[in-house]
Amino acid sequence: MATVSSFSSFTHEISASSSPGEESVRVVIRVRPLNEKEKQDERIIVTQANESKGEIEVQNPAALLSGRTGSESKKFSFDAVFGETSTQQQVYDMCAAPVVESVLNGFNGTIFAYGQTGYSAE
């Protein structure tokens, strides 16, 4: 029997804007692909990224395993979404580069990243 794993990395970005007094908090999510260990364990993907809508759909694992799909899922909206085929460069260009540019122009900027890395220590 396949086991289920949800593997989403969240990036919370607090970015300085190009003018003083304006600040924004953006929440971005990146879904990473299965790592080799997860593939060997026959885990299935329960999260689907819709990059154009900025949505993540999370399927009910029990529904997926029994063949029922769609009706038991939940959708969550974010400022930006990156699917499992996205690259580090794409994430940097959209999320970090504007903050770095603002910092270099004298504004404060913070990027907070949190999530699973795909590294499995056993």
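Values in this document were obtained by computation on a predicted structure and should not be read as measured data.

With that settled, the discussion passes to the overall build of the protein chain. If you tally the helices and strands in the protein chain, you get three helices and nine strands. Walking the protein chain from its N terminus toward its C terminus, one meets helices and strands in the order β-β-β-α-β-β-β-α-β-β-α-β. For the protein chain, the residues scored as buried account for 29% of the 122 residues in total. Contacts in the protein chain between residues at least 24 apart in sequence constitute 57% of all its contacts with a sequence separation of at least 6. For the protein chain, the accessible surface area stands at approximately 7900 Å², while carbon and sulfur atoms represent 52% of it.

Below, the discussion takes up the nonpolar core. Val-28, Ala-80, Phe-82, Val-91 and Cys-95 form the largest nonpolar core, which has five residues in total. Where this core is concerned, the elements lending two or more residues are strand S8 (80-82) and helix H3 (88-104).

Further remarks concern unusual backbone geometry. Excluding glycine, a negative phi dihedral is what most residues carry, and trans is how most peptide bonds are arranged. Unlike most non-glycine residues, Glu-42 shows phi in positive territory, near 60 degrees. Turning to its location among the elements, Glu-42 is positioned in the loop between helix H1 (36-40) and strand S4 (44-45). On the accessibility criterion, Glu-42 (51% relative accessible area) is exposed.

On to the confidence of the model for the protein chain, then. Across the protein chain, the average pLDDT comes to 78, with 73% of residues at or above 70. Ranking the elements of the protein chain by mean pLDDT puts strand S1 (residues 4-5) last, at 41, and S8 first, at 95. Confidence drops under pLDDT 50 across residues 1-18; counting only partners more than four residues distant or on other chains, this segment forms 81 contacts.

Where charged atoms from two side chains of opposite charge come close, those side chains can pair. According to the stated counting rule, one finds three salt bridges in the structure shown. Of the charged contacts, one joins Arg-32 and Glu-38 as a salt bridge, the two residues approaching to 3.0 Å between their closest N and O atoms. Grouping residues by exposure puts Arg-32 and Glu-38 together as buried. Between Lys-39 and Glu-36 there is a salt bridge, and its shortest N-O distance comes to 3.6 Å. Of the two residues, Lys-39 and Glu-36 both sit in helix H1, three residues apart, roughly one turn of that helix.

Another aspect to go through is the environment of Val-28. In this structure, Val-28 sits in strand S3 (residues 23-31). Given the relative accessible area of 1%, Val-28 is considered buried. Sequence separation between Val-28 and Cys-95 is 67 residues; the distance between their C-alpha atoms is 8.0 Å.

Let us now look at the sheet that holds strand S7 (residues 74-77). The strands that make up a sheet are held in pairs by hydrogen bonds between backbone atoms, and each pair lies either parallel or antiparallel. As summarised here, the arrangement of the three strands in space is S5-S6-S7, forming an open sheet in which the pairing is antiparallel. One side of each edge strand has no neighbouring strand; the edge strands of this open sheet are strand S5 (47-50) and S7. Averaged over all pairs of adjacent strands, the angle between their axes in this sheet comes to 20 degrees, without regard to strand direction. In this structure, strand S6 (residues 55-58) lies alongside S7, joined through four bridges in antiparallel fashion. Among the inter-strand pairings, Ile-56 is bridged to a residue of S7, identified as Phe-76.

The rules behind the values
Residues numbered from 1 in each chain as written. Predicted model: local features only at pLDDT ≥ 70, side-chain atom pairs only at ≥ 80, totals over all residues. Heavy atoms only, no water. Helix = DSSP H or I, 4+ residues; strand = E, 2+ residues; numbered from the N terminus. Buried < 20%, exposed > 50% of the residue type's maximum accessible area, 1.4 Å probe, protein only. Contact = heavy atoms within 4.5 Å. Areas by Shrake-Rupley, 256 points an atom, 1.4 Å probe, with all protein chains shown as cover. Core = buried A, V, L, I, M, F, W, Y, C linked by side-chain atoms within 4.5 Å. pLDDT = per-residue confidence, 0-100. Salt bridge = Lys/Arg side-chain N within 4 Å of Asp/Glu carboxyl O. Pairing = 2+ DSSP bridges. Axes fitted to C-alpha atoms, helices over the stretch in contact; angles between N-to-C directions.

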